[in-house]
Amino acid sequence: MAKPYLILKMKSGIFYARILLPNGQYSTNKSTGTRNREEADRIAMEWVVKKSIPTRINAKEPAEASTDKISLLYALKTLELTSEDAKTITDILLEKKLLRSVVIAESKESRDIETFLLVFWDYDKSPYVKEKLRRGQSIHRDYCMTLQSRIKRYWLPHLKGKCVGEITRDDITTIFDDGEVSKLANKTINSIVCALTIPMKWAYLHNLTQNNCYEGIMKCTANSKKRKVLTLEEAHDVFTALWENDSAKLANELAFFTGMRQGEIAALRRQDIGIDRIYIRHSWSKYEGLKCCKNGEEREIKIPSLLRDDLLKLADMNPHNEGKNGFVFFGLNPSHPTDPKNWLKYLRRALESIGFENPKNICFHSWRHLWCSRVSDLIRDKRVVMAGSGHKTEVMLDHYAEHLENEAALEKLLNAQEALFLPVIKDAENNTPSVLKAASNF
């Protein structure tokens, strides 16, 4: 009967053994550590009986490998395996917690991370965007473009060459050590992190990766720098100063009196100016054009005849002959309003002219903060304030009842606005020339 091993003598005189494995193959040569043939036979037979072979015979505590394992490893090297076979094997290793993650070639997980992320934040191509819109959720093009730009600038240099299934929590947390990122505001850093964790969460939930790398990421404390807000006295001084652009001054006065957002003012069309109020129906985005308001709901805000007349005068100067559809704050292109950035530019110039310290600390949105703060001083009912600001968080009541309550709220708001802001605007009208030179400034 043939022995279940082979004995070979090397030039050194040491005998090596090759053990017959369960699959019918022989193991690789293993040193018995002896020059005695009988001793080599005894050692080889002991390996056969124990079904284990030491990796090194002369080690102090030689590790042993079972013949079953050796047979398995040999088979993995020699057999033709399919992707399904590879998945079965890796699933076993993952279940035994011998692997944290694995990426099989030509699998969903193997798609390159660069293409995945750029498509994910491409508004027109993103499966994530399509999924949100199908479910009635809102997501805006400018938001996607912002996060895509952050992917390009901050993430691709770190992740280039990797595939989706390779990204781990460690890859994400390294961004906090990036010298360029650490100089940014906490809110911006958190947005950069979200630019990657949102797509990676989506990938995990859609079986594109086995790595849950988005949970447990400790973000930066989101303490925003307190926004600088003008006092009513400073607002009076800036509006009674001589402005270089009357259209920009009017946009600032409207924000001051109504608390409207910049995009909402830019989106105003002739048809949105009522007898005693403004109908806030849209917001303007340079990426999306006219879109719904930030909270998805239209609202109204009352204005005095003084402001209404100035808005209508400016709307009448629109040269594009679009009637009620024409923008109040028109630009060179009939389908676009003027660039709202100009409103801030001329505001800061007016602030400089009155000797205001650090005009760059003031932004156009500061008017909204001033409005909310001062109106809240006079009106303690937050629901009334929210009716004007558009910060709606409560369930809507019956449409008819809501209309009655909203009208009462608008009247209360108008009283507060006229007490707080109208004296400033009236004084500005009386003390500075206002010929609405808008057309010559475009």
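About the criteria used
Residues numbered from 1 in each chain as written. Predicted model: local features only at pLDDT ≥ 70, side-chain atom pairs only at ≥ 80, totals over all residues. Heavy atoms only, no water. Helix = DSSP H or I, 4+ residues; strand = E, 2+ residues; numbered from the N terminus. Contact = heavy atoms within 4.5 Å. Areas by Shrake-Rupley, 256 points an atom, 1.4 Å probe, with all protein chains shown as cover. Polar contact = N/O pair within 3.5 Å; in protein donor to acceptor, adjacent residues only side chain to side chain. Pairing = 2+ DSSP bridges. Axes fitted to C-alpha atoms, helices over the stretch in contact; angles between N-to-C directions. Salt bridge = Lys/Arg side-chain N within 4 Å of Asp/Glu carboxyl O. Buried < 20%, exposed > 50% of the residue type's maximum accessible area, 1.4 Å probe, protein only. Expected span 1.5 Å × (residues − 1). Arc of directions from axis to C-beta. Phe/Tyr/Trp six-rings, centres within 6.5 Å; stacked < 30°, edge-to-face > 60°. Core = buried A, V, L, I, M, F, W, Y, C linked by side-chain atoms within 4.5 Å. pLDDT = per-residue confidence, 0-100. Parallel < 35°, antiparallel > 145°, perpendicular 65-115°, else oblique. Left-handed = near helix turned anticlockwise from the far one by under 90°. Nonpolar A, V, L, I, M, F, W, Y, C, P; charged D, E, K, R; others polar.

A. Representation of the overall build of the chain within the structure. Secondary structure summary: the chain contains 18 helices and 9 strands in total. Long-range pairs, those at least 24 residues apart, make up 60% of the contacts in the chain between residues at least 6 apart in sequence. Carbon and sulfur atoms make up 50% of the accessible area of the chain, which totals about 25,100 Å².

B. Inspection of the side chain of asparagine 318 at higher detail. Along the polypeptide, asparagine 318 turns up in the loop between α13 (305–316) and α14 (341–353). Engagement of the side chain of asparagine 318 in a polar contact is seen with the backbone nitrogen of histidine 320, the distance being 2.9 Å. A polar atom in the side chain of asparagine 318 sits 2.9 Å from the backbone oxygen of phenylalanine 327. Setting aside residues no more than four positions away along its own chain, asparagine 318 makes contact with Gly326, Phe327 and Phe330.

C. Representation of the sheet that holds strand β2 (residues 15–19). Spatial ordering of the open sheet is given by β1-β2-β3, a layout of 3 strands whose pairing is antiparallel. Where the open sheet ends on each side, the last strands, each with one partner, are β1 (5–9) and β3 (30–31). The sheet contact formed by β1 and β2 spans 5 bridges and is antiparallel. Pairing of lysine 9 across the sheet is with phenylalanine 15, part of β2. Of the strands in this sheet, β1, β2 and β3 touch helix α1 (residues 37–50), which is tilted by about 145° from β1.

D. Molecular detail of the pattern of salt bridges. Across all of its chains, the model carries 20 salt bridges by this definition. The partner of glutamate 46 in a salt bridge is arginine 42, with the nearest N and O atoms 3.3 Å apart. Residue glutamate 46 and its partner arginine 42 are located together in helix α1, separated by 4 residues, close to a single helical turn. The salt bridge involving arginine 281 is made with aspartate 272; its shortest N-O contact spans 2.8 Å. Taking relative accessible area as the criterion, aspartate 272 reaches 2% and is therefore assigned buried. Through salt bridges that share partners, Asp276, Arg277, Glu300, Lys302 and Glu411 make up one connected network.

E. Spotlight on α13. In this model, α13 (12 residues) spans 16 Å end to end at C-alpha, consistent with the 16 Å of a helix rising 1.5 Å per residue. Taken together, the buried positions of α13 are Leu307, Asp310, Leu311, Leu312, Leu314 and Ala315.

F. The side chain of arginine 277, seen in detail. Examined against the element boundaries, arginine 277 turns out to sit in strand β6 (residues 277–280). Here the side chain of arginine 277 touches glutamate 300 through a polar contact of 2.7 Å, side chain to side chain. Apart from the residues within four sequence positions on either side, arginine 277 is in contact with Asp272, Glu300, Ile301, Lys302, Ile303, Glu407 and Leu410.

G. Local environment of helix α18 (residues 422–431). Within α18 the residues assigned to the buried category are Leu422, Val424, Ile425 and Ala428. The buried residues of α18 all sit within an arc of 160° when viewed along its axis, so they share a single face. For α18, the exposed residues set more than 90 degrees away from the buried face come down to Asn430 and Asn431.

H. Spotlight on the packing of aromatic side chains. The tally for this structure, following the rule as stated, stands at 16 aromatic pairs. Ring centres of tyrosine 204 and tyrosine 214 lie 5.9 Å apart, and the angle between their planes is 65°; this geometry places the pair in the edge-to-face category. Here tyrosine 204 is found in helix α9 (residues 186–205), whereas its partner tyrosine 214 is found in the loop between α9 and α10 (232–239), with 10 residues between them in sequence. Relative accessible area serves as the criterion here: at 30%, tyrosine 204 is assigned to the partly exposed category. Residue classification places tyrosine 214 among the buried residues on the basis of a relative accessible area of 13%. Here the aromatic rings of phenylalanine 256 and phenylalanine 421 are separated by 4.8 Å at their centres, their planes lie at 65°, and the arrangement is edge-to-face. Placement of phenylalanine 256 in helix α11 (residues 246–258) and of phenylalanine 421 in the loop between α17 (399–420) and α18 is noted, with a sequence separation of 165 residues between them. Per residue, the accessibility class of phenylalanine 256 equals that of phenylalanine 421, and both read buried.

I. Expanded view of the nonpolar core. Ranked by internal contacts, the top residues of the largest apolar core, which has 62 residues, are Leu254, Phe256, Ile265, Ile278, Leu311, Phe329 and Trp367. Per element, the largest residue contribution to this core is 7 residues, and it comes from α11. In this structure, isoleucine 265 is in contact with Ala251, Leu254, Ala255, Met260, Phe329, Trp343 and Phe364, ignoring residues within four places of it in sequence. The next biggest cluster of nonpolar side chains, apart from the first, holds 32 residues, and it includes Ile167, Ile172, Ala195 and Leu208.

J. Local environment of the confidence of the model for the chain. Of all residues in the chain, 83% have pLDDT values of 70 or greater, and the mean over the chain is 82. Predicted confidence for residues 437–442 stays below pLDDT 50, and this span has 13 contacts to residues more than four positions away or in other chains.

K. Looking closely at the packing of α10 against α11. In contact at an axis separation of 12 Å, α10 and α11 are set at 160° when each is read in the N-to-C sense. Considered as vectors, α10 and α11 are oriented roughly antiparallel to each other. Both α10 and α11 take part in a crossing whose hand is left-handed. Of the residues in α11, those touching α10 at Leu232, Ala235 and Phe239 are Lys249, Asn252, Glu253 and Phe256. In terms of residue class, the contact of α10 with α11 is built from 4 nonpolar, 1 polar and 2 charged.

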